[in-house]
Amino acid sequence: MGRIATITRRTLLVGAVAVAGGVAFGTWRYRTPYANPLLDGLGEREAAITPYVRIDADGVTLITPRADKGQGVYHVQAALLAEELDVDLDQVRVDPGPPSKAYWNTALAEEAADFMVPSAGMMQEAATVGLSAVMKFIGLQITGGSTTVPDQFEKLRRAGAVARETLKAAAAKQAGVSVARLKTERGEVILPDGSRVTYVELAPIAATIEPVNDVALRDPSQWRLIGKPMQRIDMVAKCTGTQVYGIDESIDGMVHATVLLNPAQRGPINGFDASAAGKMRGVKAVVPVTGGVGIVADNTWRAFQAAKAVKADWGKTAFPDTMDGHWKALADSFVSDRQDSRNRDDGNVETAIAESAPVEAEYRAPYLAHAPLEPISAIVRVGDDGVDVWTGTQIPRFTQANVAKITGVDSEKVRVHVYMMGGSFGHRLEDEVVKQAAEIAVQMKGTPVKLTYSREQDMTHDFPRQIAMARLRGTVKDGKVETMDLGIAMPSVMASQMSRQGLSTAGPDNQIVAGAWDQPFAIPNQRITGYRTPDLAPISSWRSVGASSNGFFYNAALDELVEAAGADPMQERLRLCNDPLARKVLEAVAGMSNWTSARPGEKRGRGVALTKSFGVHCAEVVEVTDTPNGIRIDKAWVAAEVGTVVDPVNFDNLVKGGVIFGLAHAMNCEITYTGGIADQTNFHAFEGLRFYQCPEIEVRGLENGSRVHGIGEPPVPPAAPALAGAIFAATGTRLREMPFNKFVDFA
Amino acid sequence: MQLTVNGKTVEVDVEPDMPLLWVLRDELGLTGTKYGCGIAQCGACTVHVGGMPVRACQMAAADVDGDIVTIEGLGTPEALHAVQAAWIEHQVVQCGYCQSGQIMAAAALLDSNPEPSDEDIDAVMSANLCRCGTYPRIREAVKTAATKLQGA
């Protein structure tokens, strides 16, 4: 680690503009596919900058354009800026872009679009994109930074450095001293005589001079904040009930709405009778929306109650009536016609298998709801001067276009105000709730309509994680794993997700084999084949996407072969490992857990798994005990290679959360459909892991690599296979299908 | 009907069966109390009524028989309750949406049981779901809060 960035002016030029009483620093926007009338009346320079730092009479404000769904990106972005700016997080405000300042917010929307839409063509009307672009979109979006952290890591520090040096130049000009004699600390420039001038005082002067772009980023040895434990900036608000999430926002004159959608996912509505609902207390309107009915009242509960009184005639969905039908479609996909990719084909699989009786097994992973604890909601107001949208979203730019289409207003006049999200896990990469709110709002012009999904609507109308199946054939020789031929079948997540944005996709979908085809194990004969199942239930990106099922498939298959070879799961992985970074991760968890054997004692078992996903090698060891009440998960050890740990506290929290997320769903969660209707409607049937079931978790971040990575997703995929391995070691029961509570009880 | 919320008496005109949750959120604008499931499975709506922890999604407005304390009344950013202070010290939150309920549940536990065992903490806190997986830090924070409250 520790590469010092040198960024040329050509790649990133930080500019400065005057704002009322001060100055703003940010990057110049090169790509502006759309002119924005909101920028009319502003100076050319003001309109052309995407700000990160604003200094005015109110103080220093750090602007953090990436939306936060709980993973702490507001905090991390602020820390990167503060590091070079020489301010501390306790003396600045952090602003994701206040809705009250449309100019800033619009600029932020542009910035967010740059992060999210790597190809400007993606938003163009020709709605066909290659899957590589879509892949990048997903990689950027769902990780909250797995692929953008390297970019932001330099970009934001550089913005802070340019601001600092420009403020120093302003101080030098004002005091008539050489810049070289100036220092900075806690938002002040220190003059040679020891006196101090605040950034706020210097801001108006800084706005009049050329920004100092010739700056070198500090060596990691000089970092004050990065790599050290920090107090996350949203902690106090979230512990005092003062954090405003999208569901909490209130706009003057607002009404409360909900929707009643065809219980059969994406099925049509043939007609409805709202005569009883319309007479209920507080109900203001019952209106049609796509696939259902919108119920508008003066209180959310009254809307929920009235929704129960609406009678509707529902149409059918197109996908299979039973889960057997879904599984059959997957099972039928392992044929050459359906082959989507074969990115890895080492050695000679067919010869090896022909020469010995192969180990064969089949694995299954179910549909899973995202189920963030904040049910989805959106407020939309269709006004005379455009449309305002207040919501938590990861795709503001798509949403802007979709709302424009529904309301018939130019997308430049659709203002999307993005809110802190009470979780997402990929849920808010979809925007059906915003579209439905817009459909209602356009029928109630001038009135802000807040649409809140009931938990039941949220869970049953989620676009879940892909259902998937894998088949293994493999061989062992002389106590070693010799051959792994793994086929993985699933519908295309990317195609399903993009179809709802009116985009078609082309080429193979790498998510079908993500977390499997590129694993750091040199099995002599190794073939990983992706098979694309025709669309079943509509699906979407779920925390770690393809790797969420494939990390299980690959490691479970490897464990099966390790057992056949009579080898130790840890030792055989170490022997096969052909990547030095991955090896260190495995060695770390082996050491942390003091691994000697998969069977540390009577009724106890340990499992190990390693998955490389989103560029991060993450290894986990899970230990369980087979108790009279069922399997108890005692402990987990985790190591991940991320290049640089920006904030050790947030890192620790995200890794533990990822492990728990992986364990929870593997234990007892699935979404099943009967006649197109989700059978699980609320947390009683999609419970996850409760407090008393939570193991102790020990975490280590490794910094041997040169690239900086995000950590939101990589801890998820290895959790399920490590748990399955532990249960096998403790009980002899080999688990090949999630959720595991179909086969074993959990204490 | 009249309710006392965070020390203030308020008049609300609602159906007797409207859950307290929606009275707080939509009638009184106290949005610190969260809607998560509506069926007492997640605990995000936990408030205190007459000093006892209740799931506000399950308590009808007409059944409220004591003073109500919500997360906003437990403590404020300027004057934190010991449980909130412990949560901040341990940096418990991720998305934070469940934490109002977690904190209210923990505060009620420590009110009635100042020295809870691990099993006591398990029994109470297992009624609250966290989708982000902050349970390990919640456990640490409950213990810290217990120590602080005892020293107070």
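The structure presented is a predicted model; accordingly, all values stated were derived computationally and were not measured.

Visitor: Quick rundown of the confidence of the model for chain B? Include the residues and the values.
Guide: On average, residues of chain B score 97 in pLDDT, and 99% of them reach the 70 mark or higher. Interface scoring of the predicted complex returns ipTM 0.98; its pTM is 0.92.

Visitor: Break down the sheet that holds strand 22 (residues 480–491) of chain A for me, with residues and values.
Guide: Residues and elements named next belong to chain A. With mixed pairing, five strands are arranged side by side in an open sheet as 15-24-22-21-16. Each edge of the sheet is formed by a strand with only one pairing partner; in this case those strands are strand 15 (339–346) and strand 16 (359–365). Direction aside, the axes of adjacent strands within the sheet are offset by 15° on average. For strand 15 and strand 24 (residues 525–533), the ladder comprises five bridges, and the chain directions are antiparallel. Residue pairing for strand 24: Gln 339 is matched across the bridge by Tyr 531.

Visitor: An account of the sheet that holds strand 27 (residues 630–641) of chain A is needed here, citing residue identities and associated values.
Guide: All names here are of chain A. Taken in spatial order, the four strands of this open sheet run 25-26-27-30, and their pairing is mixed. Bordering the open sheet on either side are strand 25 (604–613) and strand 30 (696–702), each of which pairs with just one other strand. Averaged over all neighbouring strand pairs, the angle between strand axes comes to 15°, with direction disregarded. Pairing between strand 25 and strand 26 (residues 616–627): ten bridges, direction antiparallel. Bridge assignment links Lys 612 to a residue of strand 26, and that residue is His 617. Across the sheet, helix 17 (residues 569–576) is in contact with strand 25 and strand 26; its angle to strand 25 comes to roughly 25°. Contacts from helix 20 (residues 719–731) reach strand 25, strand 26 and strand 27, with the element oriented near 155° to strand 25.

Visitor: Would you mind going over the domain arrangement of chain B in detail, with residue names and values included?
Guide: Residue and element names in this part refer to chain B. Splitting chain B by domain gives domain 1 (2–74) and domain 2 (82–151). Computed from C-alpha coordinates alone, the two centres of domain 1 and domain 2 are separated by 20 Å. Across the boundary between the two partners, domain 1 contributes 16 residues, which contact twelve residues of domain 2. Among the residues of domain 1 in contact with domain 2, His 48, Ile 71 and Leu 74 are the three that bury the most area, contributing 35% of the side total. Counting every contact that joins domain 1 to domain 2 gives zero salt bridges.

Visitor: How would you sum up the packing of helix 3 (residues 82–89) of chain B against helix 4 (residues 99–112) of chain B? Please name residues and give values.
Guide: Residue and element names in this part refer to chain B. Taken N-terminus to C-terminus, the directions of helix 3 and helix 4 make an angle of 125°; their axes are 9 Å apart at the nearest point. When the interaxial angle is binned, helix 3 and helix 4 end up oblique. In terms of crossing hand, the pair formed by helix 3 and helix 4 is right-handed. Together, Val 83, Gln 84 and Trp 87 of helix 3 and Gln 99, Gln 102, Ile 103, Ala 106, Ala 107 and Leu 110 of helix 4 make up the contact between the two elements. Its residues placed into classes, the contact of helix 3 with helix 4 shows six nonpolar, three polar and no charged.

Visitor: Report on the packing of aromatic side chains, specifying residues and quantitative values.
Guide: All names here are of chain A. Tallied over the entire structure, the rule returns 15 aromatic pairs over all chains. Ring geometry for Trp 542 versus Phe 661: centroids 4.9 Å apart, planes at 35°, classification tilted. Note that Trp 542 is positioned in the loop between strand 24 and helix 16 (546–565) and Phe 661 in helix 19 (residues 648–668), a separation of 119 residues in sequence. No difference in accessibility class separates Trp 542 from Phe 661, as the two residues are buried. An aromatic cluster is built from Tyr 363, Phe 552, Phe 553 and Phe 740, whose rings are joined through pairwise contacts. In this arrangement the basic side chain of Arg 157 is found over the ring face of Phe 153, its NZ or CZ atom lying 4.3 Å from the centre. Positioned over the ring face of Trp 327 is Arg 364, at 4.6 Å from the centre of the ring.

Visitor: I'd love a proper account of the pattern of salt bridges, names of residues and values included.
Guide: Residues and elements named next belong to chain A. The tally for this structure, following the rule as stated, stands at 59 salt bridges over all chains. In this structure, Glu 587 and Arg 583 form a salt bridge, with 3.7 Å as the shortest nitrogen-oxygen distance. Pair noted here: Glu 587 and Arg 583 are both in helix 18 (residues 580–592), with a separation of four residues, about one helical turn. Given a relative accessible area of 40%, Glu 587 falls into the partly exposed group. Residue classification places Arg 583 among the partly exposed residues on the basis of a relative accessible area of 29%. Residue Asp 634 pairs with Arg 632 through a salt bridge whose shortest N-O separation is 2.6 Å.

Visitor: Lay out the side chain of Lys 450 of chain A with the relevant residues and their values.
Guide: Its place among the elements puts Lys 450 of chain A in strand 20 (residues 449–452). Here Lys 450 of chain A sits buried without a salt bridge, and the closest side chain of opposite charge, Asp 26 of chain B, lies 5.2 Å off (N-O distance). Here the side chain of Lys 450 of chain A touches Ile 247 of chain A through a polar contact of 2.6 Å, landing on its backbone oxygen. Looking at Lys 450 of chain A, its side chain comes within polar contact range of the main-chain oxygen of Glu 249 of chain A, at 3.1 Å. Setting aside anything within four residues of it in sequence, one finds Lys 450 of chain A in contact with Gly 246, Ile 247, Asp 248, Glu 249, Met 254, Val 255, His 256, Ala 257, Ala 378 and Ile 379 of chain A.

Reading the values: rules and limits
- Residues numbered from 1 in each chain as written.
- Chains lettered and ligands numbered in written order.
- Predicted model: local features only at pLDDT ≥ 70, side-chain atom pairs only at ≥ 80, totals over all residues.
- Heavy atoms only, no water.
- pLDDT = per-residue confidence, 0-100.
- Pairing = 2+ DSSP bridges.
- Helix = DSSP H or I, 4+ residues; strand = E, 2+ residues; numbered from the N terminus.
- Axes fitted to C-alpha atoms, helices over the stretch in contact; angles between N-to-C directions.
- Contact = heavy atoms within 4.5 Å.
- Domains from an automatic or database assignment.
- Buried area = accessible area lost by both parts, 1.4 Å probe.
- Salt bridge = Lys/Arg side-chain N within 4 Å of Asp/Glu carboxyl O.
- Parallel < 35°, antiparallel > 145°, perpendicular 65-115°, else oblique.
- Left-handed = near helix turned anticlockwise from the far one by under 90°.
- Nonpolar A, V, L, I, M, F, W, Y, C, P; charged D, E, K, R; others polar.
- Phe/Tyr/Trp six-rings, centres within 6.5 Å; stacked < 30°, edge-to-face > 60°.
- Buried < 20%, exposed > 50% of the residue type's maximum accessible area, 1.4 Å probe, protein only.
- Lys NZ or Arg CZ within 6 Å of the ring centre and 35° of its normal.
- Lys, Arg positive; Asp, Glu negative; His and termini not counted.
- Polar contact = N/O pair within 3.5 Å; in protein donor to acceptor, adjacent residues only side chain to side chain.

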